[in-house]
Every structure is written in C-alpha cells, then in structure tokens.
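Inside the fold
What follows is each chain in one-letter form.
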Amino acid sequence: MVIKVGSGEIDDLSTLTVLDKESLLRELRARYKKGIIYTYIGDVLIAINPFKQLNIYEKQQHDLYKYVQYRNQLVPHLFWIADQAYRKLCLSKTSQCIAVSGESGAGKTESTKLIVSHIIHCSGDAGDRELQNRIIETSPLLEAFGNAQTCMNQNSSRFGKYLQLDFTDTGRIIGAKVYEYLLEKSRVVQHGPGERTFHFFYYLFAGLEKETLEYFYLDDPETYRILKDPCGGKVFPDRSDVEYCRQMFNTQKEIMQRLGFTKEDINMVFTILSAILHLTNIRFSHDDETDGVYIEDEYPLEVVCSLLALDQEMLTMALISTFSMTKGERVISLKNFDQANDCRDALAKALYERLFSWIVKQINILLQPNRRYNQTDDNIERTCSILDMSGFENFQVNSFEQLCINVANEHLQYYFNEHIFLQEEQDYRTEGVSCHKVQFQNNEDLIELFMGTLGILALLDEESRFPKANDESLVQKFHSHCKVHPRYIKPRSNESAFGIHHYAGKVVYDARGFLEKNRDNLSANLIECMEKSGIELISHLFHTTDDISHSSDTGISLASQSKITDNENKSQSIGFQTTCHAKSYETECTKENFSQKTAKLFRQDSKPFMKSCSVPKERFSQNTVTLHFKVSLTELLDKMKDAEPSFVRYVGQYVNVTFTFSRRMC
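These numbers come from a predicted model, not from an experiment.

1. Some thoughts on the packing of aromatic side chains
In this structure the tally under the stated criterion is 25 aromatic pairs. Aromatic pair Phe200 and Phe270: ring centres 6.1 Å apart, planes at 25°, arrangement stacked. With Phe200 in helix α6 (residues 199–207) and Phe270 in helix α9 (residues 263–279), this pair connects stretches of sequence that are 70 residues apart. A single burial state applies to Phe200 and to Phe270, both of which are buried. Taking the centre distance of 6.4 Å and the plane angle of 90° together, the rings of Phe216 and Phe270 count as edge-to-face. Residue Phe216 is located in the loop between α7 (210–215) and α8 (239–259), and its partner Phe270 is located in helix α9; the two are separated by 54 residues in the primary sequence. By relative accessible area, Phe216 is classed as buried at 1%. The exposure class of Phe270 is buried, given its relative accessible area of 5%. Aromatic ring contacts, followed pair by pair, group Phe145, Phe200, Tyr203, Tyr215, Phe216, Phe249 and Phe270 into a single cluster. We note Arg71 situated over the ring of Tyr40; from NZ or CZ to the ring centre the distance is 3.8 Å.

2. Quick word on the nonpolar core
Among the nonpolar cores identified, the biggest contains 126 residues, and Ile119, Ile135, Phe145, Phe201, Leu315 and Val648 are the most heavily contacted of them. The leading source of residues in this core is helix α12 (residues 337–367), at 16 residues. Once residues lying within four places of it in the same chain are set aside, the contact partners of Phe145 are Phe198, Phe200, Val269, Leu273, Tyr352, Phe356 and Ile359. Leu24, Met389, Phe514 and Leu637 belong to the second largest nonpolar core, which has 59 residues in total.

3. Examining the side chain of Asp388
Its place among the elements puts Asp388 in strand β12 (residues 382–388). There is no salt bridge for the buried Asp388, and the closest opposite charge comes from Lys161, which lies 4.9 Å off by N-O distance. Excluding residues that lie within four positions of it along the chain, Asp388 makes contacts with Lys108, Thr109, Thr112, Ser157, Phe159, Gly160 and Lys161.

4. Focus: the environment of Asn442
Tracing the sequence through the fold places Asn442 in the loop between α13 (400–431) and α14 (444–451). Assessed through its relative accessible area of 27%, Asn442 is described here as partly exposed. Note: C-alpha distance between Asn442 and Glu418 (24 residues apart in sequence) is 9.1 Å. Discounting residues that sit within four places of it in the chain, Asn442 has contacts with Tyr414, Asn417 and Arg487. In terms of polar contacts, Asn442 uses its side chain to reach the backbone amide nitrogen of Glu444, at 2.9 Å.

5. A closer look at empty space enclosed by the protein
Tallied over the entire structure, the rule returns 7 cavities of 30 Å³ or more. In this structure, the largest cavity occupies an estimated 320 Å³ of space. For the largest cavity, the lining is made up of 22 residues, of which Leu182, Leu183, Glu184, Cys404 and Val625 are closest to its centre. When contributions to the lining of the largest cavity are tallied by element, the ones reaching two or more residues are α13 and α21 (625–641). With 5 residues, the single largest contributor to the lining of the largest cavity is α13.

6. Comments concerning the UniProt feature "binding site: ATP" (unreviewed entry) in the chain
UniProt records the feature "binding site: ATP" (unreviewed entry) at Gly102, Glu103, Ser104, Gly105, Ala106, Gly107, Lys108 and Thr109, using the numbering of this structure. Of the annotated positions mentioned, Ser104, Gly105, Ala106, Gly107, Lys108 and Thr109 line the second largest pocket. Note on placement: Gly102 falls in the loop between β3 (96–101) and α4 (108–122). The residues contacting Gly102, other than those within four sequence positions of it, are Lys108, Gly391, Phe392, Asn409 and Tyr650. Topologically, Gly107 is positioned in the loop between β3 and α4. Residues contacting Gly107, with those up to four places away along its chain left out, are Asn49 and Tyr650.

Rules behind the numbers
- Residues numbered from 1 in each chain as written.
- Predicted model: local features only at pLDDT ≥ 70, side-chain atom pairs only at ≥ 80, totals over all residues.
- Heavy atoms only, no water.
- Phe/Tyr/Trp six-rings, centres within 6.5 Å; stacked < 30°, edge-to-face > 60°.
- Helix = DSSP H or I, 4+ residues; strand = E, 2+ residues; numbered from the N terminus.
- Buried < 20%, exposed > 50% of the residue type's maximum accessible area, 1.4 Å probe, protein only.
- Lys NZ or Arg CZ within 6 Å of the ring centre and 35° of its normal.
- Core = buried A, V, L, I, M, F, W, Y, C linked by side-chain atoms within 4.5 Å.
- Contact = heavy atoms within 4.5 Å.
- Lys, Arg positive; Asp, Glu negative; His and termini not counted.
- Salt bridge = Lys/Arg side-chain N within 4 Å of Asp/Glu carboxyl O.
- Polar contact = N/O pair within 3.5 Å; in protein donor to acceptor, adjacent residues only side chain to side chain.
- 1 Å grid on protein atoms, 1.4 Å probe; cavity = no way out; pocket = protein on both sides within 12 Å on 5 of 7 lines; lining within 4 Å.
- Points joined across faces, edges and corners; volume = space filled by probe spheres on them.
- UniProt positions renumbered as here; feature names shortened; annotations may be inferred.

Put into structure tokens, the structure is as follows:
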C-alpha cells in the first residue's frame, strides 16, 4: 500500500518516492499536527519541540526501546538513538558520540538528559546505582550555573557540554566526565532586555534566609546592577517567580550535597557569587585632578575584599591603574573611565568562569571511574558521549555572543555534512560503487570566512591589538577584506553592522562592543592581587588557570593531595577546607576616599604607591576571547572526530527550516 505524502504516517522520510524539501516539510507538519514529534530520515532523528509534557518517556518506553532489533516495528523515538549508540558501543570498541543540534529553545537540553537516562537504563540495573544517580543529577546542577533566560528560551544553555560516559568491556557504566566549552561569561555583567544572567544568582536571593543574606552583605536584589532588567522591570516579576527560584535553590543545594560537595564547598560558591554581585556594583568617576578615576562609594570594594580575603590597597590600585613592562622596567599609569569599567567587569567574568570550571572539576572527581575496575582516563576504551551546546541564534539584536555561538554551530553543521555526505561519497569511491553526486548545502566556505588567515575572527583579533581602534573601524576592516565573499553582507546606512548568510539563514550582527568583549583582559596586577588572596581556592584559581585553555581540569583535587580509597570517596571532602569569613565588623564607607587619595599620591610621587609586583614577565601577555574560543572549539571537535556519530536534529515548532538531506542518511 502506498502511503500518501502529508498523511503523517511515514516514519522514515528517506523512503519517500520524491525526496525534496516540500515533501519533507509537508510530512513533518502533518505528523506534528497528530502529536508525533519524532521522525527518521535514515539514521538521523528529526525532532520538534512540543512545548508541553508528554508521557512517552516512562519506564514502559525505556523497556520497549532496549536492545531494539527491528526499528520499523516501533514508532520513532529519542530512546532509539540512545539504544543504537549503546549497542554499537557493546558490539565494537568504537567510541560513540550523540550530537544534539538545533536552534535555541528547540529542546536540546531536555533531550540530552533523556538520552543519558536511557543509556544508563540500557547498561543494566546491576551497575553502581549511586554513580548512575550522580551522573543524572549533574545536568540540572550545571544548568543552574551555566544556563540563563534569553528572549527565546527560559532555560537556554550558555555553554557547551560534552558528557563522556565510561564503560567496561561488558557494557557496564563505571564513570563519567564532563567537558565544558565556550561559557558565555559576558552574560555575568551584561544581558539584553527581557533576559537574565545565570540562574543561580536569582536562586541565591530567593533561597537564602535573611540572616544568611546579611552574612554575605546582600541587600534587596534590585540593588545589584547585573540583576536589573535594562528596561526597568523587577528582578522577580511576581511572587510565583520567587517561589520557583526558592524551590530551585533548595533542589540544587540538595544535589550538591548528594554529589559530595561539603558545607565549606557550598559556602565558597555562595561567597564567590556574592563577591561578584558586590564587585559589579563598584562605580567609577573621573578625577579632574589626576586625570584618572576614583571609586565613588568604596563600600562594595571593602565587601569584596572581606569576602575574598584580598588586600584592599592592592585591589584598589589594580582597578584604577595598570602597568606594563618597558625595557625590563615596570611602568604604571592610571586608567580612564572606560578602562576601569572594563577591568572591573573582566574580573567579575573571570571569577565566574573559574568558579564554573571548578564546579565541573569537583563533579568529575566524584564521577571518575571506580578503582575496583582498574580504569583510568588513559586506558578507557569504550565511551559514549553526548553533546549539548547553545543552538543557532538570530535575535532582534545580535552581538559578539551570537557570533561565537553561530560559528560553533557552523562547525557542527560541517561535522554533520562531513559524516552524512562527504564520508559516504568517499566510502563509495573507495569500494568502487557508482553513485550520483549528492547535492547539499556545503558550508565549508563559511568556515573559511570565519576561521581563515584573513577571516573575521583573525581580523577581530588584529583590530583588538590597536588601542585606538573602535567598532566602526573593525566593521570597515571586515568590509574591506570580506566584501567579495558570497556569504558576507554589507548593510546599507549602518556603520556598525555586518551580515552573514549562515547555513540556517541570514543574520545581521551589531558590532558595537565587539572589541571590548574580545579583549576582556585581566591586567597582571589584578591577577597578582587575586593570587595573594587569603582563601586557598581563590589564590589557586588565578595562579594555575591558563589564559587560553579553561578546560574542566581547573581546580585542585584533594585526591592528588592525599590517598582516597573507594570507601573514603563517599565521605571525603572534594573541595577546599576554607575558613568561612565571619562578619566580625560592620563594613562602613570610609570618611576619606582611599582610591582618590592613592591616585593623588601616584601623581605626586615618581615611585607609585603600591606593593611590589612578583608577576613574571611572561604573564604580561594577554589572550583574546576569540583565541580562547578557537582553542576550545578545536578541542571539542577533536574529541568528536574520535567517535562514531549519531545525530538528533531539532527543528522549529512550525517546521519552516531548510533541510539538507540524502537517501544515504541511513
């Protein structure tokens, strides 16, 4: 019997007689209207977010899609992708990778959690149940610190997560490791109208008791710059939002405790978040007398120093002045207003980024392969990994963050094309099988436009090195070098904008702020100040973290300081034994402005009023966000290339996207 296109009854679209865009879209729309959200195109699973809860992920479905022999006997399902990857893992020693892709808000994050739960189900009930529960609980914890509300999605991933599951030769899960990439740290200090910074800041205010908030010197949430809505809306629009954030705070705190975080670890997390809130409230004013800046109200500065055990004199000078090396000598100069604000925000972003990486490190210590299996990272041969990262974005205003996210998605699209089309054609040629050349939208030229020697990212880095460069000069440089590229768009009558014809559509970028966000440099005297913190964790994060690579290995493992047996793993602290700061005095605004006095002394004395610097000369070189982005992206792609891929592609609710397809998707 021939099934009519548009009936919504075709489970695998690669079986269509006529395989074109219109036929695909008609059938997907018909299936969606029937409430069917999954469809195969060969081995690729196409998914559409239903934006409602469905009861198709219960134990019954877990059992039904375990060790599936004949796929056509069951309706398409996300669990089939998970089951297929697990069975391939067991039948060979080839590592598996499930790449979940799609636009922002399509449902990728929820799908990755379902995939992980089904793989764990397939691995059997005889495994380490405590370990399995820990693996499942890492996702909501990382969401609390790495996700945020955007104008398209209330729980948008603002980082890339590559979760590697480790297995024995018999298919039993024995451990896991999280690799985090491309955290959108600029969101800590800036977000658009109707958007929010990372979730846990809001959970903190809703969940902590009043006396605990006072312990961290925290006041009304409306007081803090980074929580405010740019349009003037309230931090918590209604009571239900406060209640939801309170519940999430309690949930995340319980998860941290179950994972093995100690009270000291959790207190340290709250301390750093509180310090970031106070740090970003520091305001600068121009000082006509010194032609530099001073801190208007030094109360937030004093609180930051109290929370992080910093030398107030050193932090003050690090915020209002900078130094460089000239002929082996240190030259100090005062910052202007913009430089001081950039410096403050760079420190806030660095604190959050390092805190996030440390949390990932602590999770990885707890999920490491159990020693009774005699497994280490070096000899684990069977892994199944799941990739979840920020989806393609096209907002009303697209900035530097959207550029980075979309460049990463272009690489994922190329990875998809490479495996579905290019490698398939190569295999045919190698085996001497004749085939027609498949026509598809190859985005290799777009990768070159961004990543080439004179590509957009290289030009951005080059312009960032010029102190007098501005966003308009950057766009003019883009126009000059890229205008002949067929994918590049030069908008009319807008000196700070440029456009790109991405694989998913046209996007116009507003380049205002690009240079500031890309430089994002921590001055050497700020690094020195943080290294000399009285808290071991703070000192360590700024002492050992490389400026280019912020991998999930950031942090100190107590396992490397003392022997941990299997039984001790459950109770031993995985973090730092810190002496919790005590609110032993009421921090008050000083009568005399210390920053203003220090700047005046700097001008009066040829030997600047500051403690000696011990930062090595090589530490003065700074790296850009773009350089870090390219290194992180390369690391991610290298991991994916070592595995056999499976694909889950999410499309928009109204299925109005452009497909690339082939009968050889199977």
